[in-house]
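# A structural walkthrough
One-letter residues, chain by chain:
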Amino acid sequence: MPAVDKLLLEEALQDSPQTRSLLSVFEEDAGTLTEYTNQLLQAMQRVYGAQNEMCLATQQLSKQLLAYEKQHFALGKGDEEVISSLHYFSKVVDELNILHSELAKQLADTMILPIIQFREKDLTEVSTLKDLFGLASNEHDVSMAKYSRLPKRKENEKLKAEVAKEVANARRKQHLSSLQYYCALNALQYRKRVAMMEPMLGYTRGQINFFKKGAEMFSKRMDSFLSSVSDMVQSIQGELEAEAEKMRISQQDLIALNESVYTPDSDVSSPAINRNLIQKAGYLNLRNKTGLVTTTWERLYFFTQGGNLMCQPRGAVAGGLIQDLDNCSVMAVDCEDRRYCFQITTPTGKAQNVKNMENDKIMHSESAGIQDSTQLIAPGTPIQFDIVLPAMEFLDQNRGGRRANPFGESEDSSKDEEEDSLLQQMFVVRFLGSMAVQSDDTCEVIYEAMRQVLAARAIHNIFRMTESHLMVTSKNLRLIDPQTQVTRTSFELATVTQFAAHQENRRLIGIVVRLTEPLGEESMSAYIFESNTEGEKICYAISLGKEIIEAKKDPEALAQLMKSVPLTNDGKFMLLNDLSEEDGTMHEGGEESEA
């Protein structure tokens, strides 16, 4: 006999939408079989109870046997032999239609009884297990909702333990009921074939035994066919017994799993987080706004596929696209009513809906699975929080003599350079951090560097930042100590390949610098600053400086640029009209400021 479709018991615990979708197919098949079985039983009872209408009854039975092929069972694999056998039986019934003999006892024992037992025992068992499974699933959903609503602050350990135990009990109950339900549905695929064959065997043999003309009507070919059908039924029975034993052993092994598979937060002390995932799937709670200040949480099944975040509700055949994860960032967030929450931020800086997990391990692995869709910055890249020499330390080292520039730059040459520059614009900034990056193709790497730098400062409780004056000229960017007026570091404008301000926090700005190492290799680093003014103004100054560099190559282009931008009295580009306000916001006496 060909193999039959079956539910995998190993997937019962996860209870994913794919498993639920396959389960719905089995349930549809069982419902169709129940309906067909009732119709078949009615047809057989008519044969048994209406001797005077034997002709009409057997005609109806013959038609009903042919109708099996037209039922369009959702799981019709392996039914070809059953269908062909039923076709043959239909012809036999038509031949027996002319024989109106008493078959009450034998038909009652060999035809009516087996199908009734199948309906009352097997189909009723499936229906009962379906109800128990539904109750267990609802109980698990209620307990999970109760567990998800546990307060984040001032946790009541006793309450948490009670709720966790309730979740474990509900999950264990659901697992056990699902295993029993799956086993019954799998067995039904075998039993339905037997249930279709056995009554017809009894019916046909009864006809042969009771009709005097049976010997004339049935040939050895018919005996051979019945023998083959009987062998087929026995073969199916053997397969069922073997499969039932396998399922029984598998069910025992699955039930004997560690209790941690039922209990949330079971490994909170030492979670093993896989940060190299290519694909991740699991249930999350999605926060949705229902009003101006009210929100609701919906438990949905999410998975990553092809760089996309997909969502598949229960009962859905396939998942739907939620978010393109290319160049998106993921970070943990605090929610008043939930723990273990994170949000996804798009390349445009827009924060998507907040997701909530069962425990911290799932949150980190889910975040890692989503974050792995793009690698703008290598995992584990160190972050440098101070690239400058503090002003007081510099004065201590050089007190008592003329100041020497530690970077080897001449103050006179710096002044001459400023005078020759067509653009001079100064901004008050505070350095947040820098780190190596792997790409400078888009400004998305700046947003990712901002996220990682800010997260690292929060994790390590770094709240103080060194203040500097950022001088933007048409040649370079220079960080100047506000007390000593010494250049702490500088970058040629040509080496600045990307610059952008944060989409939401307008005072955050970042740049990417591409430098050539002594051995000829190129390196890229992102530098993140907080400014007293809007970051877009600094970006505009950098952009104008780059335009001036290009325009200098063509005198006509430089003349056009000088006409389009207002100039100061000394012939330099006037960039901002609030320069006096910018100077007024500078901190005069402090090397560092509070974040």
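Quick caveat: nothing in here was measured; it's all calculated off a predicted structure.

## Section: the state of the cysteines
Applying the stated criterion across every chain yields a total of zero disulfides. Looking at Cys341, it has no disulfide partner, and the nearest cysteine sulfur is the one in Cys335, 3.5 Å off.

## Some details on helix α2 (residues 54–67)
With 14 residues, α2 extends 20 Å from end C-alpha to end C-alpha; this agrees with the ideal 20 Å at 1.5 Å per step. Taken as a whole, α2 has its buried residues at Met54, Ala57, Thr58, Leu61, Ser62, Gln64, Leu65 and Ala67. Buried residues belonging to α2 abut α1 (17–49), α3 (80–96) and α5 (157–210).

## Some words on the nonpolar core
Ranked by internal contacts, the top residues of the largest apolar core, which has 65 residues, are Leu61, Met196 and Tyr203. Elements with a contribution of two residues or more to this core: α1, α2, α3, α4 (104–148), α5 and α7 (220–255). No other element matches α5, which puts 16 residues into this core. Those residues within four positions of Leu61 in sequence are excluded, and the remaining contacts are Leu40, Ala43, Met44, Val47, Val93, Met200 and Tyr203. Counting 26 residues, the second largest nonpolar core, distinct from the first, contains Val496, Ile542, Leu544 and Ile548.

## Notes on the packing of aromatic side chains
Under the counting rule described, the total for this entry stands at 10 aromatic pairs. Between Phe89 and Phe225, the ring centres sit 5.3 Å apart and the planes meet at 65°, which makes this aromatic pair edge-to-face. Note that Phe89 is positioned in helix α3 and Phe225 in helix α7, a separation of 136 residues in sequence. When sorted by exposure, Phe89 lands in the same class as Phe225, which is buried. By the ring-pair criterion, three or more aromatic residues cluster together here, those being Tyr36, Tyr68 and Phe73. Seen from the ring of Phe73, Lys192 lies directly overhead, with NZ or CZ sitting 4.5 Å from the centre.

## Considerations on the pairing of strand β13 (residues 508–516)
Bridge count for strand β12 (residues 496–501) against β13 is five bridges, and the pairing is antiparallel. Bridging from a neighbouring strand, Val496 pairs with Val513 of β13. Hairpin connection of β12 to β13: six residues between the antiparallel strands. Sheet topology note: the β13/strand β14 (residues 522–531) ladder contains nine bridges and is antiparallel. Paired with Val513 across the strands is Ser525, a residue of β14. From the end of β13 to the start of β14, which pair antiparallel, there are five residues, and Gly520 there has a positive phi angle of about 95°.

## Notes on the pattern of salt bridges
One pass over the structure, following the stated rule, counts 19 salt bridges. With its nearest N and O atoms 3.9 Å apart, the salt bridge here joins Asp79 to Arg193. Remark: Arg193 occurs in helix α5 and Asp79 occurs in the loop between α2 and α3; sequence separation between them is 114 residues. By relative accessible area, Asp79 is classed as buried at 3%. Across the salt bridge formed by Arg430 and Glu530, the nearest N and O atoms sit 3.1 Å from each other.

## A few points about α5
Under the 1.5 Å per step criterion, the end-to-end length of α5 is 76 Å for 54 residues, consistent within 8% with the ideal 80 Å. Taking the largest bend as the criterion, α5 deviates by roughly 35°, centred on Gln189.

## As for unusual backbone geometry
Positive phi, normally seen in glycine, also occurs at His72, with a value near 55°. Within the fold, His72 resides in the loop between α2 and α3. According to the relative accessible area criterion, His72 is exposed, its value standing at 69%. The phi dihedral of Gln485 falls on the positive side, at around 60°, and the residue is not glycine. Relative to the assigned elements, Gln485 resides in the loop between β10 (476–480) and β11 (487–492).

## Some points on the environment of Thr487
Relative to the elements of secondary structure, Thr487 occurs in strand β11. In this structure Thr487 comes out as buried when scored by relative accessible area, which is 4%. When the C-alpha positions of Thr487 and His469 are compared, they lie 9.2 Å apart, and in sequence the two are 18 residues distant. A polar side-chain atom of Thr487 sits 3.1 Å from a polar atom in the side chain of Arg478.

## Things to note about the side chain of Asp15
In this fold, Asp15 is placed in the segment before α1. Given a relative accessible area of 3%, Asp15 falls into the buried group. There is a polar contact of 3.2 Å between the side chain of Asp15 and the side chain of Gln174. Aside from chain neighbours lying at most four places away, what touches Asp15 is Arg20, Gln174, Tyr283 and Arg314.

## Let's talk about the packing of α2 against α3
Two elements in contact, α2 and α3, have axes whose closest approach is 8 Å; the angle formed by their N-to-C orientations is 170°. Judged by the inter-axis angle, α2 sits roughly antiparallel to α3. Touching Thr58, Leu61, Ser62, Leu65 and Leu66 of α2 are Leu86, His87, Phe89, Ser90, Val93 and Asp94, all from α3. Of the residues contributing to the contact of α2 with α3, the split by class is six nonpolar, four polar and one charged.

## Focus on the environment of Thr466
Tracing the chain through its elements places Thr466 in strand β9 (residues 464–473). Separated by 34 residues in the primary sequence, Thr466 and Leu432 have C-alpha atoms spaced 8.2 Å apart.

## Some words on the packing of α1 against α2
How two helices pack is summed up by the angle between their axes together with the distance between the axes. α2 packs onto α1 with a crossing angle of 160° between their chain directions and a minimal axis gap of 8 Å. With respect to each other, α1 and α2 are oriented roughly antiparallel. Considering how the two elements wind past one another, α1 and α2 form a crossing that is left-handed. Only Met54, Leu56, Ala57, Thr58, Gln60, Leu61, Gln64 and Leu65 of α2 make contact with α1, whose side of the interface consists of Tyr36, Gln39, Leu40, Ala43, Met44, Arg46 and Val47.

## Structural notes on the confidence of the model for the protein
Segments scoring low in pLDDT should not have their predicted coordinates read at a detailed level. Per-chain confidence: the protein averages 79 in pLDDT, with 79% of residues scoring 70 or above. For residues 388–413, every residue scores under 50 in pLDDT, and the model assigns this stretch 33 contacts once sequence neighbours within four places are set aside. Taken as a whole, residues 576–595 scores under 50 in pLDDT and shows 41 contacts with residues more than four places along the chain or in a different chain.

What counts as what
Residues numbered from 1 in each chain as written. Predicted model: local features only at pLDDT ≥ 70, side-chain atom pairs only at ≥ 80, totals over all residues. Heavy atoms only, no water. Disulfide = S-S within 2.5 Å. Helix = DSSP H or I, 4+ residues; strand = E, 2+ residues; numbered from the N terminus. Expected span 1.5 Å × (residues − 1). Buried < 20%, exposed > 50% of the residue type's maximum accessible area, 1.4 Å probe, protein only. Contact = heavy atoms within 4.5 Å. Core = buried A, V, L, I, M, F, W, Y, C linked by side-chain atoms within 4.5 Å. Phe/Tyr/Trp six-rings, centres within 6.5 Å; stacked < 30°, edge-to-face > 60°. Lys NZ or Arg CZ within 6 Å of the ring centre and 35° of its normal. Pairing = 2+ DSSP bridges. Salt bridge = Lys/Arg side-chain N within 4 Å of Asp/Glu carboxyl O. Bend = angle between axes of the 7 residues up to and from the residue. Polar contact = N/O pair within 3.5 Å; in protein donor to acceptor, adjacent residues only side chain to side chain. Axes fitted to C-alpha atoms, helices over the stretch in contact; angles between N-to-C directions. Parallel < 35°, antiparallel > 145°, perpendicular 65-115°, else oblique. Nonpolar A, V, L, I, M, F, W, Y, C, P; charged D, E, K, R; others polar. Left-handed = near helix turned anticlockwise from the far one by under 90°. pLDDT = per-residue confidence, 0-100.

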